[in-house]
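Structure assessment
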Amino acid sequence: MSSAEGPALNIDRLLDSRWFLRALAFAAFALVWQVYATAAGGFFVPTFTETAAAIGRQLASPEVWQAFATSNIAMVLGFGLAVVIGIPLGFLMGRFRLAERAINPYLNILLVTPLAGIIPLLMMSLGIGLASRVIVVWSFAIVMVVVNTRAGVRQVDRSLIDMVRLFGAGELGVWRRVILPGSLPAVLAGVRVALGRAVTGMVIVELVMVSVGIGGLILRYQAFFRFAELYGMVVLIILEALILLAIVDWVQRKATPWASMTSIRD
Amino acid sequence: MIEIKGLNKYFPGRGRSEPVQALRDVDLTIRDNEFLTILGPSGCGKTTLLRNIAGLVPWDTGEILVDSQPVRGPSPERAMVFQNFALLPWSTVLANVAIGLEIRGEPRGPREAKARELIERVGLSGFEDRLPGELSGGMQQRVGLARALAVDPSVLLMDEPFGALDEQTRRLLQEELLRIWEQTPKTVVFITHSMEEAVLLGDRIVLMSARPGQVDDIIEVPLARPRSQHINELGESPEFASITTHLWTRLRSMQVLNT
């Protein structure tokens, strides 16, 4: 049918596909890595192919899956608590000045404290169990949830609140009809950023203090000079984070379709 | 009838500075089913006055009576049309128009029937299931108008409703509003910063001056009703010209004082 179109492989179409461009960029990246590691990398830098092979072995290794499970328990709990506590806190701070005044100093402390530095303190007071790791992940994540939720509440269009009040809605109605849906895009944006921070917290606590899970495995690979596996582990962490982000993005698109809508002006 | 007597309103100053007087001794009586336009430079407190009448914000001294009842808060008898449309971006046109009835507790059936009727009156049939973000500004304000009319208020408060629209859309909506008002009269308080709009729409024009906001003059508009059919010709009549000239002289002296 399409005999008039000439060659089966249409170059223009191919260049339009973003997956083709991504594959091209990735291939270039892999090539540079391979050449550099072979020519100048030496003992400490595995080649791309060595790393890829290591990742293959790791994906088949129960030890690696076990490490991911151990780490992710702390991540899920800490991140979950950050969301469950952070969203209501952000709502209160965004809507009520008293709550803002009372809580803001603590939020600022969490915001400016170099969290990696207080991990040893936490370990000393809470031990090296799951609780410490959960708290570290929580402290990494909650700030982003609170700050974004608060901003979301504040940027809700005042006239929407006036509008429902004029029709007779009370404070509860204002929340249900305007503030909650109106701030949802910002809340989800906060959850998205918090997720990245939670993954960071999860790995850092295991590297700095409690050598279990993913961080523990990374330290072990390092100690035994298994650099291909070490690189592989980093790639696997990135992959996990990307998958989690894709899930949040999907929820965002499904839950707030109006947020990405551009208004037509006449 | 809306009676505003000796209304004064202050806003707290920033930091330690003195409170700012937004409205000074405003006396105004708005007749039933009158179309009243309020015109004035920015900062003259016209929006504050409208929000006071709506019952959205309190004032300091004086009183506002609607049908001899003092205003103490919002009432479904007074509906508002907003300059920025104030539509819920996550709700369809139908749900936006029906929201007043929904808050009032009207069951779904009658509420949606009423909403559809008003959507048709403002010329938006076929758009019931669209989201506001899919509509042009003019269409969005039609939704805002339908929403206000859906609760069948006796007073319609309009805060520069067509200020964000372009010239042609604005003219179309002025005609539409007059047509609806001629069919089902109600008291309209219409704020605008356009002299032309104030004259073409209003029975009377309240001219306000700024800092503090007060009533400067009240002008009867001698243009005949109904006007919706020939709003364009009216804009070229000698009466129109003489009123706008008068308004401009007054506004000009205020602007000069302010700059």
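Keep in mind that this is a model prediction, so the values were computed, not measured.

Once that is clear, we can look at the interface of chain A and chain B. Each side of the interface is counted separately: chain A has 22 residues, and chain B has 32 residues. Where chain A packs against chain B, one counts two salt bridges. Among the salt bridges present, the one from Glu102(B) reaches Arg177(A), with a minimum N-O distance of 3.2 Å.

Quick look at the packing of aromatic side chains now. Residues and elements named next belong to chain A. Taken as a whole and assessed by the stated rule, the structure comprises 16 aromatic pairs over all chains. Ring centres 5.9 Å apart and planes at 70 degrees place the aromatic pair Phe26 and Phe48 in the edge-to-face group. Residue Phe26 is located in helix H2 (residues 18-41), and its partner Phe48 is located in helix H3 (residues 48-59); the two are separated by 22 residues in the primary sequence. For Phe26, a relative accessible area of 48% corresponds to the partly exposed category. Overall, the relative accessible area of 22% leaves Phe48 in the partly exposed class. Pairwise contacts between aromatic rings join Phe26, Phe29, Trp33, Phe48 and Tyr231 into one cluster. Lying over the aromatic face of Trp19, Arg22 brings its terminal NZ or CZ to 4.7 Å of the ring centre.

Next up on the list: the sheet that holds strand E3 (residues 35-39) of chain B. Residue and element names in this part refer to chain B. With respect to topology, six strands assemble into an open sheet ordered E6-E7-E8-E3-E9-E10, the strand pairing being mixed. Of all strands in the sheet, those with a lone pairing partner are strand E6 (78-81) and strand E10 (214-220), marking the two edges. Within this sheet the neighbouring strands show an average axis-to-axis angle of 20 degrees, counted without direction. In this sheet, strand E8 (residues 187-192) lies alongside E3 in parallel orientation, the contact comprising five bridges. Bridging across to E8, Leu36 finds its partner in Val189. With respect to the sheet, helix H5 (residues 167-183) is in contact with E3, strand E7 (155-159) and E8, its orientation differing from that of E3 by roughly 145 degrees.

What follows deals with H5(B). All names here are of chain B. With 17 residues, H5 extends 25 Å from end C-alpha to end C-alpha; this agrees with the ideal 24 Å at 1.5 Å per step. Regarding H5, the residues found buried are Thr169, Arg170, Arg171, Leu173, Gln174, Glu176, Leu177, Leu178, Ile180 and Trp181. Backbone nitrogen of Gln168 and a side-chain oxygen of the N-cap are separated by 3.1 Å at the start of H5; the cap is Asp166.

Time to look at a nonpolar patch on the surface. On the surface, Ile11(A), Leu15(A), Leu21(A) and Leu24(A) cluster together into a nonpolar patch covering about 360 Å² of accessible area. Structurally, Ile11(A) is set in helix H1 (residues 11-16).

On to the side chain of Ser132(A), then. With respect to the helices and strands, Ser132(A) occurs in helix H7 (residues 130-154). Not counting chain neighbours up to four residues away, the residues in contact with Ser132(A) comprise Leu122(A), Met123(A), Leu126(A) and Gly127(A).

What follows concerns the nonpolar core. In this structure, Phe79(A), Ile4(B), Leu49(B), Val97(B), Leu145(B), Leu156(B) and Ile205(B) are the most contacted members of the largest nonpolar core, which totals 136 residues. Among the nonpolar cores identified, the runner-up in size contains eight residues, and Leu122(A), Met123(A), Phe140(A) and Val210(A) belong to it.

Moving on, we get to the packing of helix H4 (residues 62-95) of chain A against H7(A). Residues and elements named next belong to chain A. Relative orientation of the contacting elements H4 and H7 amounts to 30 degrees, with a least axis distance of 6 Å. Compared by their axis directions, H4 and H7 come out roughly parallel. For the pair H4 and H7, the crossing hand works out as right-handed. A breakdown of the residues in the contact of H4 with H7 according to their chemical character gives 22 nonpolar, seven polar and four charged.

For the rest of this paragraph, the subject is the domain arrangement of chain A. Residue and element names in this part refer to chain A. Segmenting chain A into domains produces domain 1 (11-41) and domain 2 (48-254). In this structure, domain 1 and domain 2 have C-alpha centres spaced 32 Å apart. Counting from both sides, the interface comprises four residues of domain 1 and, opposite them, four residues of domain 2. Across the interface of domain 1 and domain 2, roughly 440 Å² is buried in total on both sides, 71% from carbon and sulfur atoms. Together, Ala30, Trp33 and Gln34 form the three largest contributors to the area buried by domain 1 at its contact with domain 2, with a combined 88%. Where domain 1 meets domain 2, there are two residue pairs in polar contact (both at pLDDT 80 or more). Split into classes, the residues belonging to the side of domain 1 that touches domain 2 amount to three nonpolar, one polar and no charged.

The rules behind these values
Residues numbered from 1 in each chain as written. Chains lettered and ligands numbered in written order. Predicted model: local features only at pLDDT ≥ 70, side-chain atom pairs only at ≥ 80, totals over all residues. Heavy atoms only, no water. Contact = heavy atoms within 4.5 Å. Salt bridge = Lys/Arg side-chain N within 4 Å of Asp/Glu carboxyl O. Phe/Tyr/Trp six-rings, centres within 6.5 Å; stacked < 30°, edge-to-face > 60°. Helix = DSSP H or I, 4+ residues; strand = E, 2+ residues; numbered from the N terminus. Buried < 20%, exposed > 50% of the residue type's maximum accessible area, 1.4 Å probe, protein only. Lys NZ or Arg CZ within 6 Å of the ring centre and 35° of its normal. Pairing = 2+ DSSP bridges. Axes fitted to C-alpha atoms, helices over the stretch in contact; angles between N-to-C directions. Expected span 1.5 Å × (residues − 1). Polar contact = N/O pair within 3.5 Å; in protein donor to acceptor, adjacent residues only side chain to side chain. Patch = residues over 30% accessible without salt bridge, like charges linked within 9 Å, V, L, I, M, F, W, Y side chains within 5 Å. Areas by Shrake-Rupley, 256 points an atom, 1.4 Å probe, with all protein chains shown as cover. Core = buried A, V, L, I, M, F, W, Y, C linked by side-chain atoms within 4.5 Å. Parallel < 35°, antiparallel > 145°, perpendicular 65-115°, else oblique. Left-handed = near helix turned anticlockwise from the far one by under 90°. Nonpolar A, V, L, I, M, F, W, Y, C, P; charged D, E, K, R; others polar. Domains from an automatic or database assignment. Buried area = accessible area lost by both parts, 1.4 Å probe.

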